[in-house]
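What the coordinates show
The lines below spell out each chain.
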Amino acid sequence: MIFAVVKSFLFQLVIKVLVVFTLFKIFTSNYSNNFLINYTDEIFLIVVWGIVLHQFLYFDYFKTKIKNLPRVFGFKNIVEKNVFNFKDLKTEAKKIIYFDYVESIKDGKIILKNKSGLIDFQLYEKNKEQIKHYLKTSILKIEKIGDNGISIDTKDRLDYFNWDAGKFLKNGFIFFGMDEQGQEIFIELNKMTSYFINGQSGSGKSVFITQILNGLIHNLDKVSKVFLLDFKGGITFHKYGKINKKIIVGYELDQLHKIVDYVYKENKRRMKFLKDKGLEKYETDPIFLIFDEWAEVVESCPKKELDKNGYLLFQQTLQKIESLGQLGRSQNVKLVIQTQRGGTEIISSKLRGNLQSRILLRVDNSDAVKMCLGSLDYLEKLGNIDPLSFPYGRFVFLDSSSETGLKIRYGQGSYIEPNEYLKSLPINRNK
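Computed from a predicted structure; not experimentally measured.

So, about the side chain of Lys205. With respect to the element layout, Lys205 can be found in helix α8 (residues 205–218). Despite its burial, Lys205 pairs with no opposite charge, the nearest such side chain being Glu293 at 4.7 Å. Apart from the residues lying within four places of it in its own chain, the contact partners of Lys205 are Ile197, Asn198, Gly199, Gln200, Glu293, Gln338, Thr339, Gln340 and Leu361.

With that out of the way, let us pick up the packing of helix α9 (residues 253–277) against helix α11 (residues 308–327). Running from N to C, α9 and α11 point in directions that differ by 40 degrees, and their axes come no closer than 10 Å. It follows that α9 is oblique to α11 by the angle criterion. As for how α9 packs across α11, the hand of that crossing is left-handed. Residue-level contacts link Leu253, Leu256, His257, Val260, Asp261, Val263, Tyr264, Asn267 and Met271 of α9 to Leu313, Phe314, Thr317, Lys320, Ile321, Ser323, Leu324 and Leu327 of α11. In terms of residue class, the contact of α9 with α11 is built from eleven nonpolar, four polar and two charged.

The mixed open sheet is built from ten strands, whose spatial order is β7-β6-β15-β14-β13-β8-β12-β11-β9-β10. Each edge of the open sheet carries a strand with a single partner, namely β7 (184–188) and β10 (247–250). Neighbour-to-neighbour, the strand axes of the sheet open up by a mean angle of 20 degrees, direction not taken into account. Both strand β6 (residues 173–179) and strand β15 (residues 407–412) contribute to a ladder of two bridges, which runs antiparallel. Paired with Asp179 across the strands is Gly411, a residue of β15. Contacting β8 (195–198), β13 (357–360) and β14 (394–399), helix α13 (residues 366–373) crosses the sheet at an angle of about 160 degrees to β13.

Looking now at the side chain of Asp179. When you line up the elements, Asp179 lands in strand β6. For the buried Asp179, no salt bridge is present, and the opposite-charge side chain at shortest range is Arg409, 5.6 Å distant. Among the polar contacts listed, one links the side chain of Asp179 to the backbone nitrogen of Gln181, at a separation of 3.0 Å. Polar contacts involving the side chain of Asp179 include one to the main-chain amide nitrogen of Gln183, which spans 2.8 Å. Setting aside anything within four residues of it in sequence, one finds Asp179 in contact with Leu158, Ile185, Tyr410 and Gly411.

Our next topic: the pairing of strand β3 (residues 109–114). The two faces of a sheet get side chains in turn, since along a regular strand they alternate between them. Within β3, five of the six residues are buried, which leaves the element mostly enclosed by the surrounding structure. As defined by bridge partners, β3 adjoins strand β5 (residues 149–153) across five bridges and the pair is classed as antiparallel. Note on β5: the bridge partner recorded for Leu112 is Ile150.

Turning our attention to unusual backbone geometry. We note that Asp285 has phi near 50 degrees; this positive angle belongs to a residue other than glycine. Positive phi, normally seen in glycine, also occurs at Asn332, with a value near 60 degrees. By the secondary structure assignment, Asn332 is in the loop between α11 and β12 (333–339). With relative accessibility at 0%, the residue Asn332 sits in the buried group.

Time to look at α11. Under the 1.5 Å per step criterion, the end-to-end length of α11 is 28 Å for 20 residues, consistent within 8% with the ideal 28 Å. Buried within α11 we find Gly310, Phe314, Thr317, Leu318, Ile321, Glu322, Ser323, Leu324 and Gly325. As for α11, its buried residues are in contact with α9, β11 (287–291), α10 (294–298), β12 and α12 (349–353).

Parameters at a glance
Residues numbered from 1 in each chain as written. Predicted model: local features only at pLDDT ≥ 70, side-chain atom pairs only at ≥ 80, totals over all residues. Heavy atoms only, no water. Helix = DSSP H or I, 4+ residues; strand = E, 2+ residues; numbered from the N terminus. Buried < 20%, exposed > 50% of the residue type's maximum accessible area, 1.4 Å probe, protein only. Lys, Arg positive; Asp, Glu negative; His and termini not counted. Salt bridge = Lys/Arg side-chain N within 4 Å of Asp/Glu carboxyl O. Contact = heavy atoms within 4.5 Å. Axes fitted to C-alpha atoms, helices over the stretch in contact; angles between N-to-C directions. Parallel < 35°, antiparallel > 145°, perpendicular 65-115°, else oblique. Left-handed = near helix turned anticlockwise from the far one by under 90°. Nonpolar A, V, L, I, M, F, W, Y, C, P; charged D, E, K, R; others polar. Pairing = 2+ DSSP bridges. Polar contact = N/O pair within 3.5 Å; in protein donor to acceptor, adjacent residues only side chain to side chain. Expected span 1.5 Å × (residues − 1).

On their own, these measurements won't tell you what the molecule is for.
Written out as structure tokens, the structure reads:
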């Protein structure tokens, strides 16, 4: 690598000297009136050297920098091979070194291979920060390709996009956004879990909830009830109240108690039904209990010293919500809780622990990341992305709906213009 850099410097120096010499010759020579004829050689020299300089800078310096990536960090595998294997000769083992090499560079993605048939994936994972610094990139996603290949992606492949009802409303599924490969993220309705959505003001939480609600309204024939709790005076959810009788909006304390009590009792009834029938899961008619801003709910609790009965009733309601988070999955009861503040003073560890899936939008500190996802390791798996600088609608999705285990996804939610919002809803559906 040092040799390549020195060669680059010397070559550039020679080129610059030649260009300066050519320009000097042009301006110091005494030519006749015919400019094009007399300047042909010099113009030709300038153009040629300009092309050489450009080609050298890109193909020689840049490509050499990337192609020396494996050598700079010593990424190599040592393979034992028997060179001699004749009966009359003593077998001798020699170490043959196979360096990882760059197979292709295209659209921000570097493909590395190793001729030995083996490549040390863990070595690249371990040196992520060094590689990011070397390549001068803040985004780095490393994936294994078979046994002898690695992909190093340095490009953020997510982009802003608008809501499209024709594409994103799908029978039996709910749309969550687009992933890095441009694939639509759909979750099967009856496999949805409970969700904890965390993000600061302006990160796109309300629009993210709108995506989910649009999908639920489209699938109301497959849904038992959708309860929307909005303790900001009904600002977010009031427009849903008249769409369908299956959608119930609440924004006062007495409505909160009645709704939670109803869902709690229905969950108990479903548990008994499953037990009597010898079944493990309630497969149809999910119930959704969705909170717009959980902190507003918690802070509406009456003061114990001023209203002891109201305080005790509120605590009982919180316990029922925690119970629904813990026991509701088998009965197809889903909680969706979104909040700007996800600390233990706002949402208990027990409740947060039972919200199986997590959606993290832009937050203002790393503690919020840990509080939502549980670990910063998930960000490393996605290429060390930074939730503190996410654009509007960008999210990390810790998805527990898959039967094969927990999935970590990096995606972008859609945007819906406020004045176009109601037009996208199937208002006359399932009255």
